[in-house]
Amino acid sequence: MGDSHILRGVEAGVLTVTMNRPEVLNSCNRKMAGELRDAFESAGTDNAVRAVLITGAGRAFCAGQDLAEAAPPDGSAAPDFGEIVRGYNALILAIRRLEKPVVAAVNGVAAGAGANLALACDIVIAADSASFLQAFVKIGLVPDTAGTFFLPRLVGLARATSLAMLGGKLPATQAKEWGMIHDVVPAASLMDTAQALARDLATQPTRALGFIKRALNESMTNSLEDQLKLEGELQRLASRTADYKEGVRAFQEKRAPTFTGR
Ligand code: T3D
């Protein structure tokens, strides 16, 4: 699509989604949020896709809400706030409900909704030049896009509070030290590293990965009893997959497994 705000392409089982508004640091408007949501939802039903990689074009990952849309500088009518937020909520739910792994390659600054979009992904790899910024408070807003859900769970309440209340820029290296992201690599090797990881995930037992994601999602709010019950149910489902049979057979035959995602 010529006027799309994102680029999409599938190779080796990996759907790569690139936010593509580099002139405004890939800041997100309603159209982009809708396209991203559609990409993640479509990935769920596309058997050719076994992992998703999201990144940004140019020097930024995503600078959050497009402020020219939220507050038009020419004084024209702004869109309904609720509509903007509903768009982000649907996007975050699409990422968390997608039972396939999602890798974020954070190539530069990730601010506001852009930071929290990254944190909603399963595995976050950042360039050593990247940074994370809960920019909301700087313009008198509250972290959204699930920031108040994921941040305290990832880094603890004290660090989440300082990030949200002070709105400071957290360098990627410190984000890794804090356990907020999976890894930091030199900027020049970010895309190769992230693609290799996503391609590897695309060769793994996809349904088991999906069940793992479901279990971890539920663990955020479940009791121990409920989580044990869920693990049992998911294990029963996993044990019925072709990939489980292949995994055990390959172990017994002392060879590498070939998982098909079924
Ligand atoms: O309705 C609602 O709004 C609710 C939803 C809220 C969700 C949110 O995400 S709220 C938070 C919104 N985001 C921000 O407040 C971040 C704003 N941007 C920045 O603070 C800085 O741009 C960065 C720290 C991200 C990067 O700084 P720097 O110095 O590297 O770049 P820059 O010069 O500020 O930006 C480059 C261009 O991108 C510039 O345009 P120009 O001057 O070259 O024509 C700048 O205006 C544009 N840009 C950057 N961020 C946004 C943006 N344009 C629109 N919206 C943006 N968010």
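Below or above, wherever it landed, is the structure these notes cover. (Residues numbered from 1 in each chain as written. Predicted model: local features only at pLDDT ≥ 70, side-chain atom pairs only at ≥ 80, totals over all residues. Heavy atoms only, no water.)

### Section: the overall build of the protein chain
- Broken down by element type, the protein chain carries 11 helices and 10 strands.
- The C-alpha radius of gyration computed for the protein chain amounts to 19 Å, which stays within 12% of the reference 18 Å derived for 262 residues, consistent with globular compactness.
- Along the first, second and third principal axes, the C-alpha set of the protein chain runs to 65 × 45 × 35 Å.
- Residues classed as buried in the protein chain amount to 47% of the 262 residues present.
- Once local pairs closer than 6 in sequence are excluded, the contacts in the protein chain between residues at least 24 apart make up 69%.
- Accessible area for the protein chain stands at about 13000 Å²; split by element, carbon and sulfur atoms hold 57% of it.
- Computed over 28 positive and 28 negative side-chain charges, the separation of the two mean positions in the protein chain equals 5 Å. (Helix = DSSP H or I, 4+ residues; strand = E, 2+ residues; numbered from the N terminus. Rg over C-alpha atoms; globule rule 2.2 N^0.38 Å. Buried < 20%, exposed > 50% of the residue type's maximum accessible area, 1.4 Å probe, protein only. Contact = heavy atoms within 4.5 Å. Areas by Shrake-Rupley, 256 points an atom, 1.4 Å probe, with all protein chains shown as cover. Lys, Arg positive; Asp, Glu negative; His and termini not counted. Charge placed at Lys NZ, Arg CZ, Asp CG, Glu CD.)

### Re the packing of aromatic side chains
- In total, this model carries one aromatic pair according to the counting rule given.
- Consider the rings of Phe149 and Phe150, whose centres lie 5.2 Å apart with planes at 85°: the pair is edge-to-face.
- The exposure class of Phe149 is partly exposed, given its relative accessible area of 29%.
- Above the face of the Phe149 ring, Arg153 is positioned so that its terminal group lies 3.8 Å from the ring centre. (Phe/Tyr/Trp six-rings, centres within 6.5 Å; stacked < 30°, edge-to-face > 60°. Lys NZ or Arg CZ within 6 Å of the ring centre and 35° of its normal.)

### Points about the site of the ligand
- The full set close to the ligand counts 22 residues, and Arg59, Ala63, Gln65, Leu67 and Ala113 are the nearest of them.
- Within the side chain of Arg59, an N or O atom sits 2.9 Å from an oxygen atom of the ligand.
- Leu67 has a polar backbone atom sitting 2.9 Å from a nitrogen atom of the ligand.
- For the ligand, whose free accessible area comes to 1100 Å², the fraction covered by protein is 65%.
- Broken down by secondary-structure element, the contributors of at least two residues to the shell around the ligand are α2 (67–70) and α3 (81–97). (Near = heavy atom within 4 Å. Polar contact = N/O pair within 3.5 Å; in protein donor to acceptor, adjacent residues only side chain to side chain.)

### Examining the nonpolar core
- In this structure, Ile54, Val106, Phe132 and Met180 are the most contacted members of the largest nonpolar core, which totals 62 residues.
- A total of six residues in this core trace back to one element, the largest contributor, which is helix α1 (residues 30–45).
- If near-sequence neighbours (up to four positions away) are discounted, Phe132 is found in contact with Val106, Ala110, Ala118, Val124, Ala126, Gly168, Lys169, Leu170, Ala172, Ala175, Met180 and Ile181.
- Residues Ala215, Leu230, Leu234 and Ala238 belong to the second largest nonpolar core, which totals five residues. (Core = buried A, V, L, I, M, F, W, Y, C linked by side-chain atoms within 4.5 Å.)

### So, the pairing of strand β1 (residues 6–11)
- Where β1 meets strand β2 (residues 14–19), six bridges bridge the pair, whose relative direction is antiparallel. Bridge pairing in β2 places Val10 opposite Leu15.
- What sits between the antiparallel neighbours β1 and β2 is a turn of two residues, in which Ala12 has the positive phi angle 50°. (Pairing = 2+ DSSP bridges.)

### Concerning the pattern of salt bridges
- Applying the stated criterion across every chain, the model contains 16 salt bridges.
- Between Asp183 and Lys176 there is a salt bridge, with the nearest N and O atoms lying 3.0 Å from each other.
- Judged by relative accessible area, Asp183 falls into the partly exposed class, the value being 23%.
- A salt bridge links Glu233 to Lys229, with the nearest nitrogen and oxygen atoms 3.9 Å apart. Here Glu233 pairs with Lys229, and both are found in helix α10 (residues 224–239), just four residues apart, close to one helical turn.
- A residue is classified by how much of its surface remains accessible, and Glu233, at 33% relative accessible area, is partly exposed.
- Salt bridges here are not isolated pairs; linked through shared partners, they connect Glu246, Arg249, Glu253 and Arg255. (Salt bridge = Lys/Arg side-chain N within 4 Å of Asp/Glu carboxyl O.)

### Remarks on the sheet that holds β2
- Strand order in this open sheet of six strands is β1-β2-β3-β5-β7-β10, and the pairing throughout is mixed. If you trace the sheet from one side to the other, it starts and ends with β1 and β10 (183–185), each paired once. Sheet twist, expressed as the mean angle between neighbouring strand axes with direction ignored, is 20°.
- As judged from the three bridges shared by strand β7 (residues 123–127) and β10, these two strands associate in the parallel manner. (Axes fitted to C-alpha atoms, helices over the stretch in contact; angles between N-to-C directions.)

Scope: geometric values only; no functional claims are made or implied.
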